[in-house]
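Per-entry structural report
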Amino acid sequence: MFPADYKGDAIIAQHGSWNRTSPVGYQLMRVTFDDNHQVTGQDVFIDGWLQNGEAWGRPTDVLQLSDGSLLISDDYNDVIYRVSYGDDKA
C-alpha cells in the first residue's frame, strides 16, 4: 500500500517517557536500511501524541495488515488507529 521506497523499512512505536523533565517519544519512527541490512536513516513517520510537553496518546505497537495498512495501538486512549496510504477511503 505504501510507496516502493518503504519496502523493507521498519516502523517503530516510541511509547514515550513518563519520568523525564522533558518528555520524549510519543511518536512513530521510520528506519531505513540498505541492501546489507544496515541502518541508513531514521525519520519521524507520525507524531503529535505529545503537544506542548503534554501527552494525549502513547503509541505502543505497530502491525501491518495484509492490505499493507498499519494498525497502531495506543494504550493511553485504549484505541487502535489504522493508517493507510493513497486515496482509498476504506
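These remarks concern the structure in this document. Please read these numbers as outputs of a predicted model, since none were measured by experiment.

Here we take up the overall build of the protein chain. Check the secondary structure of the protein chain and you find zero helices and eight strands. For the protein chain, the succession of helices and strands along the chain, N to C, is β-β-β-β-β-β-β-β. The principal-axis extent of the C-alpha atoms belonging to the protein chain is close to 40 × 35 × 20 Å. Per-residue burial over the protein chain gives 24% buried out of 90 residues. Sequence separation of at least 24 residues holds for 31% of the intrachain contacts in the protein chain that already meet a minimum separation of 6. Summed over its atoms, the accessible surface of the protein chain is roughly 6,300 Å², and 47% of this surface lies on carbon and sulfur atoms. When the 6 positive and 14 negative side-chain charges of the protein chain are each reduced to one mean point, those points stand 1 Å apart.

The backbone of Y26 shows a phi angle near 60 degrees, a positive value even though the residue is not glycine. Structurally, Y26 is set in the loop between β1 (10-14) and β2 (27-33). Positive phi outside glycine occurs at H37, with the angle close to 65 degrees. With respect to the element layout, H37 can be found in the loop between β2 and β3 (39-46).

In this structure, the largest pocket occupies an estimated 250 Å³ of space. Lining the largest pocket are 13 residues; nearest its centre among them are F2, Y6, D9, Q64 and L70. Of the residues contributing to the lining of the largest pocket, the split by class is eight nonpolar, three polar and two charged.

With that out of the way, let us pick up the packing of aromatic side chains. Applying the stated criterion to the full structure yields five aromatic pairs. Here F2 and F45 contribute two aromatic rings whose centre-to-centre distance is 6.0 Å and whose plane-to-plane angle is 55 degrees, an arrangement assigned as tilted. One end of the pair, F2, is in the segment before β1; the other, F45, is in strand β3, and 43 residues separate them in sequence. Taking 6.1 Å as the distance between ring centres and 70 degrees as the angle between the ring planes, the aromatic pair formed by Y6 and F45 counts as edge-to-face. Placement of Y6 in the segment before β1 and of F45 in strand β3 is noted, with a sequence separation of 39 residues between them. A relative accessible area of 23% places Y6 in the partly exposed class. Through a chain of ring-to-ring contacts, the aromatic side chains of F2, Y6, F45 and Y85 assemble into a single cluster. The lysine or arginine in question, R30, covers the ring of Y6, its NZ or CZ lying 3.7 Å from the ring centre.

Rules behind the numbers
- Residues numbered from 1 in each chain as written.
- Predicted model: local features only at pLDDT ≥ 70, side-chain atom pairs only at ≥ 80, totals over all residues.
- Heavy atoms only, no water.
- Helix = DSSP H or I, 4+ residues; strand = E, 2+ residues; numbered from the N terminus.
- Buried < 20%, exposed > 50% of the residue type's maximum accessible area, 1.4 Å probe, protein only.
- Contact = heavy atoms within 4.5 Å.
- Areas by Shrake-Rupley, 256 points an atom, 1.4 Å probe, with all protein chains shown as cover.
- Lys, Arg positive; Asp, Glu negative; His and termini not counted.
- Charge placed at Lys NZ, Arg CZ, Asp CG, Glu CD.
- 1 Å grid on protein atoms, 1.4 Å probe; cavity = no way out; pocket = protein on both sides within 12 Å on 5 of 7 lines; lining within 4 Å.
- Points joined across faces, edges and corners; volume = space filled by probe spheres on them.
- Nonpolar A, V, L, I, M, F, W, Y, C, P; charged D, E, K, R; others polar.
- Phe/Tyr/Trp six-rings, centres within 6.5 Å; stacked < 30°, edge-to-face > 60°.
- Lys NZ or Arg CZ within 6 Å of the ring centre and 35° of its normal.

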